[in-house]
Amino acid sequence: MGWRASTHSDKSTTTDLFEGPTPRHSLLSGRYKQSFAYLTLRTRMPGIMQQIIMRLLSDLPDLVNKYGEEVRKDVKQIVDAVERLKMELNRDRQFLLFHGAEPDKVEWNAFITEMPRPKKSFFRACWLHAECYLYRRIFSFFENSRHLQKYDCFDHLKKEDLMLSEVAMSALAKATRGLAKSFDVFSKLLRINLWGNHFEMQIGAFRFTEEDSKDDINVLVKVADIDRILLVDDTTLIWNCLVLASKSSGNRIVDFICDNGGFEFFTDMLLLEYMVDNNLATQVRLHVKAIPWYISDVTRADIEWTLDFLTGHRDECLSALGKKWTHLMNTQKIVIAPTSYFWTGPQPYFVMVESDIELYRMLTTSKLAIFKGDLNYRKLLGDFIWDSTEEFITCLRGFRPTNICAMRTVKCEVVCGLSEGLADSLLKNDHNWMISGNYGVIQYTDSLKCSCALPGPDSSEKNTRMLGMVVPQSERSTLITNK
């Protein structure tokens, strides 16, 4: 595969690992043995890599039928490469530079080269850097093969997730037709979107009686019990942002930075369809991953498959929904944004203005950017353990290309914007509350409409650096008042 080490020594010691949890005011890292980062790197990632190997080997007969006997060489090389990567991870080796056909190798190599030497191994690096690097290395094995450059080793999981959710999809498709434009409806759709996986399991297992109407969104919300524990709920501010924007003329674009495919993307589309249908947005731009990513993240190919699956479904309502969403795509009401490898890079979002200025400029043209899921949240906050009470706007460190909404279920130690004493109270009742996925946040902050927020060709380096700074209290923008 043409791999070369980024330093002369590829070995690190385990003496840098600590027995305790990740301390406050530090980056998440596998150095701390009581952290979720350590558990992921030590146990979860090797398991995922083994599943990739098993998937490839199980697909081998079909791959031979499609590409011929030569594909066996590809499969063997990829399996060997994944096994080596597992070994490198287990031994906490140094990161390697990319020297293949990866479109983003220049950016990745620059990032790795500039990393401090003590932070260039899996367990000593920031968890975000190590985890993103692992997924990027995995797909590079396929990119550098002869026949399997487009092979998605996770696509079967995303497809199965959607196909196994037919009961919930059918119920939601019927219950979301002809909904009124109101805060109450918008709030319910936002919660269904946030708690998608929980919603699917609850609806799929519930036995409806004759008194229960599957066509009523209020019944579905009650059955699914989606008013679960929201630690922060800025739904009112998000609604106000969209409603105020709808009163202005011209294009009103919403950027939606996607998370998972499967049933979750189905609920994404229900929310975005509602926005377009009710003039809360004139266009929605979907930002998807350029490569297979974090097992379930949605790609352009996943969206195309989902629309085809729904359009051809035997359920008339799902089929009609698939056709409508295809029409929304064809008429540019919902579009897939141009591919950006920034979304599959290791950088936190506050450096976007320096790393991908075109993507940053695109976001400035929208009225609202919705960042969905745990990984997007970690990148918004820089994978940093802030005080849980710190304001969301501060933790963005100047990243405010437009009004920003973050929606995620809490699955790691990165969280902010909580009320005083809430984190301590949660810890007393549930020691694993930060990684359980049982709690959620819907957070919002408005942008600073300031010309210095977007450096132009003649902007000074000082103005560019300002976007990475923590914004002082005196400069924080005023949020829309809840009513």
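Cut-offs used in this document
Counting restarts for each chain: residues are numbered from 1 in the order of the written sequence. Two thresholds apply to this predicted model, a pLDDT of at least 70 for residue-level local features and 80 or more for giving and counting side-chain atom pairs, whereas whole-chain, interface and lining totals are computed over all residues. Here the side-chain values reflect all heavy atoms present in the structure, with hydrogen atoms and water set aside. The salt bridge definition used is simple: a Lys or Arg side-chain nitrogen within 4 Å of an Asp or Glu carboxyl oxygen. Per the convention used, a helix needs a DSSP run of H or I reaching at least four residues, while a strand needs a run of E reaching at least two, with both numbered from the N terminus. Remark: exposure states derive from per-residue accessible area (1.4 Å probe, protein chains only) relative to the maximum for the residue type, with buried under 20%, exposed over 50%, and partly exposed in between. Paired strands are those between which DSSP finds at least two bridges. In this description, a line fitted to the C-alpha atoms serves as the axis of each element, helices being fitted only across the stretch in contact, and the angle between N-to-C directions of two axes falls anywhere from 0 to 180 degrees. Angle categories are assigned with fixed cut-offs, so that under 35 degrees is roughly parallel, over 145 is roughly antiparallel, 65 to 115 is roughly perpendicular, and the rest are oblique. Crossings are sorted by hand: turned counterclockwise from the far helix by less than a right angle, the near helix makes the crossing left-handed, and turned clockwise it makes it right-handed. Here a residue-residue contact requires only that any non-hydrogen atoms of the pair lie within 4.5 Å. Lys, Arg, Asp and Glu make up the charged group, whereas Ala, Val, Leu, Ile, Met, Phe, Trp, Tyr, Cys and Pro make up the nonpolar group; the residues left over, Gly among them, are polar. Any N or O atom pair separated by 3.5 Å or less is treated as a polar contact, with the protein-specific requirement of one donor-capable and one acceptor-capable atom, and with residues adjacent in sequence counted only for side-chain atom pairs. Each residue gets a pLDDT score, which is the predictor's confidence in that residue and runs from 0 to 100. Remark: nonpolar core denotes a set of buried residues (Ala, Val, Leu, Ile, Met, Phe, Trp, Tyr, Cys) joined through side-chain atoms within 4.5 Å. The domain boundaries here were taken from an automatic or database domain assignment.

(A) Here's a closer look at the pattern of salt bridges. Tallying each qualifying case throughout the model produces 28 salt bridges. One salt bridge connects Glu88 with Arg137, and the closest N-O pair in it is separated by 3.3 Å. Taken together, the residues Glu88 in helix 2 (residues 71–90) and Arg137 in helix 4 (residues 127–143) connect sequence positions 49 residues apart. Accessibility assignment for this pair places Glu88 and Arg137 in one class, buried. For Arg378, the salt bridge goes to Glu131, with nearest N and O atoms at 2.9 Å. With Arg378 in helix 16 (residues 374–380) and Glu131 in helix 4, this residue pair connects regions lying 247 residues apart in the sequence. Summarising the burial analysis for this pair, Arg378 and Glu131 share the class buried. Here the salt bridges share partners, and the residues they tie into one network are Arg55, Asp59, Asp155 and Lys159.

(B) Broad picture of the pairing of strand 7 (residues 368–372). With 5 of 5 residues buried, strand 7 lies mostly within the body of the structure. Here strand 7 shows a buried face lined by Leu368, Ile370 and Lys372 and a second buried face lined by Ala369 and Phe371. Direction of pairing for strand 7 relative to strand 8 (residues 404–409): parallel, over a ladder of 4 bridges. Within strand 8, the residue paired with Lys372 across the bridge is Met407.

(C) Representation of the packing of helix 2 against helix 4 within the structure. Packing of helix 2 against helix 4 brings their axes to within 9 Å, and their N-to-C directions diverge by 160 degrees. The angle between the axes of helix 2 and helix 4 places the two elements in the roughly antiparallel class. Every pair of crossing elements has a handedness; the one defined by helix 2 and helix 4 is right-handed. Residues Ile78, Ala81, Val82, Leu85, Glu88 and Leu89 of helix 2 pack against Leu134, Arg137, Ile138, Phe141 and Phe142 of helix 4. Of the residues assigned to the contact of helix 2 with helix 4, the class counts are 9 nonpolar, no polar and 2 charged.

(D) Structural view of the packing of helix 11 (residues 263–277) against helix 13 (residues 316–330). Two elements in contact, helix 11 and helix 13, have axes separated by 12 Å at closest approach and are oriented at 60 degrees. In terms of orientation, helix 11 and helix 13 fall into the oblique class. For the pair helix 11 and helix 13, the crossing hand works out as left-handed. Mapping the contact onto sequence places Phe266, Met269, Leu270, Glu273, Val276 and Asp277 in helix 11 and Leu318, Leu321, Lys324, Trp325 and Leu328 in helix 13. Of the residues that constitute the contact of helix 11 with helix 13, the class distribution is 8 nonpolar, no polar and 3 charged.

(E) Region of interest: the sheet that holds strand 4 (residues 253–257). Here 7 strands make up an open sheet; going across it, the order is 3-9-8-7-4-5-6 and the pairing mixed. Only two strands of the sheet have a single neighbouring strand rather than two, namely strand 3 (229–233) and strand 6 (334–336). Taken over all neighbouring pairs, the strand axes of this sheet differ in orientation by 15 degrees on average, direction set aside. Judged from the 6 bridges that link them, strand 8 and strand 9 (residues 439–445) form a sheet pairing that is antiparallel. For Cys405, the partnering residue across the bridge sits in strand 9 and is Tyr444.

(F) Molecular detail of helix 6 (residues 166–175). Where burial is concerned, most of helix 6 is hidden: 7 out of the 10 residues are buried. Listed in full, the buried residues belonging to helix 6 are Ala168, Met169, Ser170, Ala171, Leu172, Ala173 and Ala175.

(G) Quick peek at the side chain of Ser246. By the element assignment, Ser246 lies in helix 10 (residues 235–246). Within polar-contact distance, the side chain of Ser246 engages the backbone oxygen of Val243 at 2.6 Å. If we ignore the near neighbours within four places in the chain, the residues touching Ser246 are Lys181, Arg252 and Asn279.

(H) Just the confidence of the model for the protein chain, in detail. Summarising the model, the protein chain shows a mean pLDDT of 88, and 85% of its residues fall at 70 or more. A low-confidence stretch, residues 1–14 stays under pLDDT 50, and its non-local contacts, those more than four residues away or across chains, total 35 contacts.

(I) Broad picture of the nonpolar core. Core analysis: the biggest nonpolar cluster contains 92 residues, and Phe142 and Phe399 have the highest contact counts within it. Shared between two domains, this core takes at least three residues from each, and those domains are domain 1 (26–151) and domain 2 (159–445). In terms of nonpolar packing, the next biggest core, distinct from the first, is built from 62 residues, Leu162, Ile192, Trp195 and Ile370 among them.

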